[in-house]
Amino acid sequence: MKIMNLVSGSSGNSTLVGTGRVNILVDVGVSMKKIEECLNTADHTGADIDAILITHEHIDHVKGLGVFLRKYHIPVYATDATCDAVFRMNSLGRMDRELFRPFRSGDVIQLRDLEITSHPISHDAADPVCYSFTDGEKKACIATDLGYVTNDLIRGLQGCDFMLIEANHDIRMLEVGPYPYPLKQRILSKLGHLSNEAGGAFIRELLNEHVREIRLGHLSKENNLPEIALMTVRQELLGNPYSPDPEELPVFVAGRDAADPLVEL
């Protein structure tokens, strides 16, 4: 299995997940042109993509969906309510509803040799999910846009070789930052986003002896800094049972505007 973060942040998100037989995009939250540029760094183009998975309908996850579908005509998988919400978004333009494959939160989707499990999450969207993936040997997960972490989610994401986990904001930067008070409260709520501390605690629950790479994703441009996110998460990982020194763990910040290196598991 291979996985590559194309872009990750409060202004746009997209990730490539594939095997030798199938390539999918998780979210298309930037322009198709930007997606193509990122795919090219791994010798892929949009024509190599077999399907798109959508986590939820917020614009930083679906901005390029309409253009992508009008060019490539590939299936889109999302929950029923997310599909309906996407079709109410005038900004995406015309889309062929026949391309959409709605499912129920918690369903398992089989795309050739890739098994995909949808996991319900808490966020202020119609019916948001995150995803885990396995080819029968390796496992990966992408889990961002979480207001809080449930025990069911922790159990569902156990054993990952690769994980992209949200570290959205530094709480102090958010509290003193320029956002209006209602938006600050929304971000801090159980329908909002994980702070650096909460993301680190989540990663600690998912750590295992065979984890290959951990990416910190969906960082806020206004309320976080990569170095603060990394430092705070590593502090949360002190005393973990797998590495006495968190500096030795393969934790990195996901790229906001440029693709990260392709990881082959």
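The shown structure was predicted, so the numbers you read here are calculated from the model rather than taken from an experiment.

(A) Here's a closer look at helix α9 (residues 226–236). Every buried residue of α9 is listed here: A229, L230, T232, V233 and R234. The inward-facing, buried residues of α9 abut α8 (196–206), β12 (213–217) and β13 (251–253).

(B) The arrangement of the sheet that holds strand β14 (residues 263–264) in detail. Here seven strands make up an open sheet; going across it, the order is β6-β5-β4-β3-β2-β1-β14 and the pairing mixed. Both edges of this open sheet fall to β6 (100–103) and β14, since each of them pairs with a single strand only. Pairing between strand β3 (residues 23–26) and strand β4 (residues 51–53): three bridges, direction parallel. The partner of V26 across the bridge, within β4, is L53. Contacting β1 (2–7), β2 (14–18) and β3, helix α1 (residues 32–40) crosses the sheet at an angle of about 140° to β1. Here helix α3 (residues 65–72) sits on the sheet in contact with β3, β4, β5 (76–79) and β6, set at roughly 165° to β4.

(C) Layout of the pattern of salt bridges. Under the counting rule described, the total for this entry stands at ten salt bridges. Where K71 meets E36, a salt bridge forms, and the shortest distance between an N and an O atom there is 3.8 Å. Of the two residues, K71 is situated in helix α3 and E36 in helix α1; the sequence distance between them amounts to 35 residues. Its relative accessible area of 49% is what places K71 among the partly exposed residues.

(D) Representation of the layout of surface pockets in the model. Considering only enclosed or pocket space, the largest pocket measures out at about 210 Å³ in volume. Lining the largest pocket are 17 residues; nearest its centre among them are S10, Y179, R186, H193 and H218. In terms of residue count, the dominant contributor to the lining of the largest pocket is helix α7 (residues 181–188) (three residues). Residue classes in the lining of the largest pocket are distributed as three nonpolar, nine polar and five charged.

Conventions adopted
Residues numbered from 1 in each chain as written. Predicted model: local features only at pLDDT ≥ 70, side-chain atom pairs only at ≥ 80, totals over all residues. Heavy atoms only, no water. Buried < 20%, exposed > 50% of the residue type's maximum accessible area, 1.4 Å probe, protein only. Helix = DSSP H or I, 4+ residues; strand = E, 2+ residues; numbered from the N terminus. Contact = heavy atoms within 4.5 Å. Pairing = 2+ DSSP bridges. Axes fitted to C-alpha atoms, helices over the stretch in contact; angles between N-to-C directions. Salt bridge = Lys/Arg side-chain N within 4 Å of Asp/Glu carboxyl O. 1 Å grid on protein atoms, 1.4 Å probe; cavity = no way out; pocket = protein on both sides within 12 Å on 5 of 7 lines; lining within 4 Å. Points joined across faces, edges and corners; volume = space filled by probe spheres on them. Nonpolar A, V, L, I, M, F, W, Y, C, P; charged D, E, K, R; others polar.

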